[in-house]
Amino acid sequence: MRIVWTVLFVTVPVLSIGFFVAAPFMNWWLPENLSTIAGDIDRMFYVILAITGAIFALTQAVLIYALVRYSREDTKPVYFHENNKLEIAWSVVPAGILVFLAFYQLPTWGKAKYVTQIEGKDARFVAMVVGTQFDWRVRYVGLDGQPGKAGVDDDGDGVVDNWTELGFPDTDDVETVAELRLPANELVIIRLTSNDVLHSFFVPQFRIKQDAVPGMMIPVWFQATKPGEYELVCAELCGWGHYRMRGKLIVQERDKFNRWLEQLNAEEEAVR
Ligand SMILES: [Cu+2]
């Protein structure tokens, strides 16, 4: 029996480390890095992985040393209570690491989340994305580049519609479901909200994950670096149909994107 447990306990860590080492070569590691922010996020990930990895290796080494050194049957255990030096050390060292990480991540967090980062930059508002049980509804600014008909009070409430309200009034804007198209190599802004419960807008290749919150219009910006078709998923358990709340994110060159927008506008115009 002893041998079974020994083999089991040795196999698990050996396999874990084996898979970890093999992962980058087998394409099981991080998805391709396809936005301008992704490099910063990955750097954070690797710094944290290095710290936790080093601590893991150290604690395992101490554990194995103790197992081997004190497993002889003639060793007598020693019991003692409190060890101030040890307790101070294992409180101060992790606290120091956490404080370091808190400051180290600030520039990346700021770049990804603070609106001041894109003020004055050529960032274009492309679409509003509404999480709905269980779909992503996307509404693009139309050919005029403005939400709603530029300067028109779409819903008659005395305010020029700027999409701060939900609802889909009749405008030159176009809509899609479960498909978000964006131009490549441009800093784009989408506004994210939800119709019902919390959802989370997640595009692994762009390292973008942002909650969609009912009643809030949250700006999300990024610059996609490669045209292609990617998966857009909901990363928040939002109800029974959560599993099917996935969409396509299609990144295209600007002229192709504009042509698609024109075509969709013509199609939607025909049924208005
Ligand atoms: Cu969802």
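Just so it is clear, the structure is predicted and the values come from calculations on it, not from any experiment.

(A) Looking closely at the overall build of the protein chain. The secondary structure content of the protein chain amounts to 5 helices and 10 strands. Every one of the 272 residues in the protein chain was classed for burial, and the buried ones make up 19%. Contacts in the protein chain between residues at least 24 apart in sequence constitute 68% of all its contacts with a sequence separation of at least 6.

(B) Structural view of unusual backbone geometry. Residues Gln133 and Phe134 are joined by a peptide bond in cis, for which omega reads 5°. Here Phe134 is to be found in the loop between strand 1 (124-132) and strand 2 (135-140). We note that Glu82 has phi near 70°; this positive angle belongs to a residue other than glycine. For Glu82, the position within the fold is in the loop between helix 2 (38-69) and helix 3 (84-104).

(C) Region of the structure containing the sheet that holds strand 2. Taken in spatial order, the 5 strands line up as 3-2-1-5-8 in an open sheet, and their pairing is mixed. In this open sheet, the two strands that pair with only one neighbour each are strand 3 (174-177) and strand 8 (218-223). Taking the axes of each pair of neighbouring strands and ignoring which way they run, one obtains an average angle of 25° across the sheet. Two strands pair when backbone bridges link them, and strand 5 (residues 187-194) and strand 8 are joined in this way by 6 bridges, in the antiparallel orientation. When the sheet's bridge partners are listed, Val188 is paired in strand 8 with Phe222.

(D) Structural view of the sheet that holds strand 10 (residues 246-252). Spatially, 4-10-9-6-7 is the arrangement adopted by the 5 strands of the open sheet, whose pairing is mixed. Two strands lie at the open edges of the sheet, namely strand 4 (179-183) and strand 7 (208-212), each paired on one side alone. Adjacent strand axes in the sheet meet at a mean angle of 25° when their direction is disregarded. By the bridge criterion, 2 bridges tie strand 6 (residues 199-203) to strand 9 (residues 228-234) in an arrangement that is antiparallel. What sits directly across from Phe201, in strand 9, is Cys234.

(E) Structural context of the environment of Lys121. Structurally, Lys121 is set in the loop between helix 4 (106-113) and strand 1. Separated by 66 residues in sequence, Lys121 and Leu187 have C-alpha atoms that sit 8.4 Å apart.

(F) Here's a closer look at the nonpolar core. Of all hydrophobic cores here, the largest spans 33 residues; its most connected members are Ala127, Val129, Leu180, Phe206 and Leu232. Here the element with the most residues in this core is strand 1; it accounts for 5 residues. Each of domain 1 (31-113) and domain 2 (115-270) contributes no fewer than three residues to this core. Apart from residues no more than four positions distant in its own chain, Ala127 is found in contact with Val138, Arg139, Tyr140, Val141, Leu180 and Ile190.

(G) Quick peek at the confidence of the model for the protein chain. Here the protein chain averages 84 in pLDDT, and 88% of its residues register 70 or above. Taken element by element, the predicted model of the protein chain shows its lowest mean pLDDT in strand 3 (80) and its highest in helix 3 (94). Counting contacts from residues 163-170, a segment whose pLDDT is below 50, to residues more than four positions away or on other chains yields 16 contacts.

(H) Seen up close, the pairing of strand 10. Taking every second residue as pointing to the same face, the buried face of strand 10 carries Gly247, Leu249 and Val251, while none of Arg246, Lys248, Ile250 and Gln252 on the other face is buried. Relative to strand 10, strand 4 runs parallel, the two being bridged by 5 bridges. The residue bridging Leu182 from the neighbouring strand is Val251, located in strand 10. Sheet analysis places strand 9 next to strand 10, joined by 6 bridges and oriented antiparallel. If you follow Tyr230 over to strand 10, its bridge partner there is Leu249.

Reading the values: rules and limits
Residues numbered from 1 in each chain as written. Predicted model: local features only at pLDDT ≥ 70, side-chain atom pairs only at ≥ 80, totals over all residues. Helix = DSSP H or I, 4+ residues; strand = E, 2+ residues; numbered from the N terminus. Buried ≥ 20, exposed ≤ 12 C-beta atoms within 10 Å, placed from the backbone. Contact = placed C-beta atoms within 7 Å. Pairing = 2+ DSSP bridges. Axes fitted to C-alpha atoms, helices over the stretch in contact; angles between N-to-C directions. Core = buried A, V, L, I, M, F, W, Y, C linked by C-beta atoms within 7 Å. Domains from an automatic or database assignment. pLDDT = per-residue confidence, 0-100.

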